[in-house]
Amino acid sequence: MCGIIGYSGHRPAVPLLLEGLHRLEYRGYDSAGVAFEQGAHLQVVKAAGKLAALEEKLEKVPCMLATAGIGHTRWATHGLPVERNAHPHLSQGGGIAIIHNGIIENFQELKDELLARGHTFLSDTDTEVLAHLIGEERRMADNLGDAFARALRRAHGAYAVVMLAPEELGVIYAARMAAPLLMGVGTGEVFVASDIPAFLPYTREVVFLEDGEIARIEGGRWSVFSLADLSPVEKTVSHVPWDMQAAAKDGYRHFMLKEIMEQPRVIQDCLSGRITESASGHRVCLRELDGLPVPERLHIVACGTSYNAGLWGRQLLEHTGGIPTDLDIASEFRYRDPLLRPQDMVLVISQSGETADTLAALRLAREKGCKVIGLCNVLGSSIAREADVVLYTQAGPEISVASTKAMCSQMTLLALIALYYGQRRQPACADPELLEAIMGLPVLLAGALPAMRQKAEALAVRFSSARSFFYLGRGQYYALALEGALKLKELSYIHAEGYASGEMKHGPIALIDPAFPTFALALDNALFPKVKSNIQEVLARQGRVIALVQERDGKAPDLEVEEMWVLPEAHPVAASFLALPALQLFSYHVADYLGKDVDQPRNLAKSVTVE
Ligand code: F6R
């Protein structure tokens, strides 16, 4: 969602703010703006649309020597994505500028109060109300920091907010409540941002702000206070191991393509340190889980692609891990009043670690006395910090809005968790063949990816004119069918539905005609005859079919369809790790061929920090 960057240091702030905003573009946005000090005044420049529009406007602003400033990319919640609603927003009279990510739930009530006091508003946003409220509180407060805290104490909802006011030259204030915000501490300079990549070229020393904390930053100095009573809070500086290369395109046209192609390395990194060798063979070692009992029942909760990863992992957790496993979409979980017993455990899966619904599900589970395992990618994210135990997927920064390598790493880790619980139930490894197959994935995938990319590109050209697509799969491939459909629709805006193959004849088959192709996942050798029958049913209704299959004994299986995409023979679980990039590459190439904005699809945000 909205991207936030603030800077106070010794260099010109505006270029750094723009650079930071570019690095946060992946979060999704529809307008942008910056505020900085121009002499003793605030200069605010904003524009609807992409950052290029903002940069064009800034070229006309003379003498931008400020060494403190704030910048924002907005993903519209309250009010249209137009310039007047872009951040920063100013207080009445213009002495205070703020940027904000989140939603102030009681903004209407506060706005009515301020209107009654004679305030006038220039935008439709909840953020402007907050800016005015800070200005109003400033009249009663001892100082700017106090006014900031007083206003925030009256605001209900979620926020990451950063403030700049010439009253304290060179100073920025930042506060966090249920929305991501962290500081990057450099030499003689401090950044505040929604996410680490915003300042990664300058520092890897990070201070994670907690809910209810306020930071005051001035040049290279920073301090943190409690929002409740402004008492000082001790913080530690953490070093993040991410490097710039991990957050760069590395010669690829898009981050998404780079992230798909780096999946062999992602699996390797995810396995790193988690498999040990002893006289009796390899074993999975997940020390983070050693202190928790084996759950009697596991509830997986996640959204979007992370949910699809959970659906894929459920079968392994039940069969290999021996743990009865339920699965919920996070936004449904919280409102269905789930029956949770203290001996159950909840596994929340989230790449960003900030998804509002998943975070709320985690809190609900903890309230009900369950232990929560977080499966996250982003270090120090809210879910990572609030879970009882966190297992990091170690996939490195995922910049493309559409999640790819994160799902691959989540699947890897879910397989390891299943094996780990299997081991805890029996002294020997639960399924040595599966573990060997997982260990062989980086090599298998690295060998297969180049040819898959070529095939995906050729298919994309042939099928890009379709208006709708079915994705069919059974067993674990049902989860991948859902993921294939999700990727196609979010990237290319082509309607796509993922179905369990066997469900087709219960209704959806009515849609089949020559203009509604089907992408059939027919990789499961045990279920192949069943999937083949489902494909025949589609063919009998003049449906076009792409079948993703795997070789058997060096040969393609017996199937007559318009397009057969043959993958190398692999262990049944490993075949999913081949199917996943095949689906991702197909969607990528369709979207690219159609000229879509692959890394930043319309209307989407990378981390969904509102309900
Ligand atoms: C799809 C996609 C989303 C996310 C979902 C959950 O490509 O990226 O569906 O998977 O918003 O995000 P996380 O995993 O960050 O909780």
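What counts, and where the lines are drawn
- Residues numbered from 1 in each chain as written.
- Predicted model: local features only at pLDDT ≥ 70, side-chain atom pairs only at ≥ 80, totals over all residues.
- Heavy atoms only, no water.
- Near = heavy atom within 4 Å.
- Polar contact = N/O pair within 3.5 Å; in protein donor to acceptor, adjacent residues only side chain to side chain.
- Areas by Shrake-Rupley, 256 points an atom, 1.4 Å probe, with all protein chains shown as cover.
- Helix = DSSP H or I, 4+ residues; strand = E, 2+ residues; numbered from the N terminus.
- Nonpolar A, V, L, I, M, F, W, Y, C, P; charged D, E, K, R; others polar.
- Phe/Tyr/Trp six-rings, centres within 6.5 Å; stacked < 30°, edge-to-face > 60°.
- Buried < 20%, exposed > 50% of the residue type's maximum accessible area, 1.4 Å probe, protein only.
- Expected span 1.5 Å × (residues − 1).
- Domains from an automatic or database assignment.
- Buried area = accessible area lost by both parts, 1.4 Å probe.
- Salt bridge = Lys/Arg side-chain N within 4 Å of Asp/Glu carboxyl O.

**Digging into the site of the ligand**
Within the structure, the ligand sits among 13 residues, and S306, S350, S352, T355 and E490 are positioned closest to it. Interatomic distance of 2.8 Å between a side-chain N/O atom of K487 and an oxygen atom of the ligand. Burial of the ligand by the protein chains amounts to 90% of its free accessible area of 400 Å². Residue assignment for the shell around the ligand shows that the elements contributing at least two residues are α9 (304-319) and α16 (476-492). Residues belonging to the shell around the ligand are distributed by class as follows: three nonpolar, eight polar and two charged.

**Some words on the packing of aromatic side chains**
Scanning all chains against the criterion turns up 14 aromatic pairs. Taking 4.9 Å as the distance between ring centres and 55 degrees as the angle between the ring planes, the aromatic pair formed by Y7 and F191 counts as tilted. With a gap of 184 residues between them, Y7 in strand β1 (residues 3-8) and F191 in strand β10 (residues 190-193) connect regions that are remote in the sequence. We classify Y7 as buried; its relative accessible area is 0%. Here F148 and Y173 contribute two aromatic rings whose centre-to-centre distance is 5.9 Å and whose plane-to-plane angle is 50 degrees, an arrangement assigned as tilted. Of this pair, F148 sits in helix α5 (residues 144-154) while Y173 is found in strand β8 (residues 171-177), placing the two residues 25 residues apart along the sequence.

**Structural notes on helix α13 (residues 405-425)**
Counted at 1.5 Å a residue, the expected span for α13 with its 21 residues is 30 Å, and the 30 Å between its end C-alpha atoms agrees. In terms of residue burial, α13 counts as a mostly covered element, since 19 of its 21 residues are buried.

**A look at the domain arrangement of the protein**
Domain annotation for the protein reports domain 1 (3-246), domain 2 (252-439) and domain 3 (448-596). By the criterion of area lost to domain 3, the three top residues of domain 2 are L257, M261 and W312, representing 23% of everything that side buries. Summed over the shared surface of domain 2 and domain 3, the result is one salt bridge. In this structure, R253 engages D592 in a salt bridge whose closest nitrogen and oxygen atoms are separated by 2.5 Å. Where domain 2 touches domain 3, the interface holds 11 residue pairs in polar contact (both at pLDDT 80 or more). Within the residue set of the side of domain 2 that touches domain 3, elements represented by two or more residues are α6 (255-261), α7 (263-271), α9, α13 and α14 (432-439). By residue class, the composition of the side of domain 2 that touches domain 3 is 17 nonpolar, nine polar and two charged.

**Some thoughts on unusual backbone geometry**
Of note, the bond from H87 into P88 is cis; its omega dihedral lies within 30 degrees of zero at 0 degrees. Tracing the sequence through the fold places P88 in the loop between β4 (68-74) and β5 (89-90). Residue L230 is not a glycine yet carries a positive backbone phi of 60 degrees. With respect to the secondary-structure elements, L230 resides in the loop between β13 (221-226) and β14 (238-239). We classify L230 as partly exposed; its relative accessible area is 29%.

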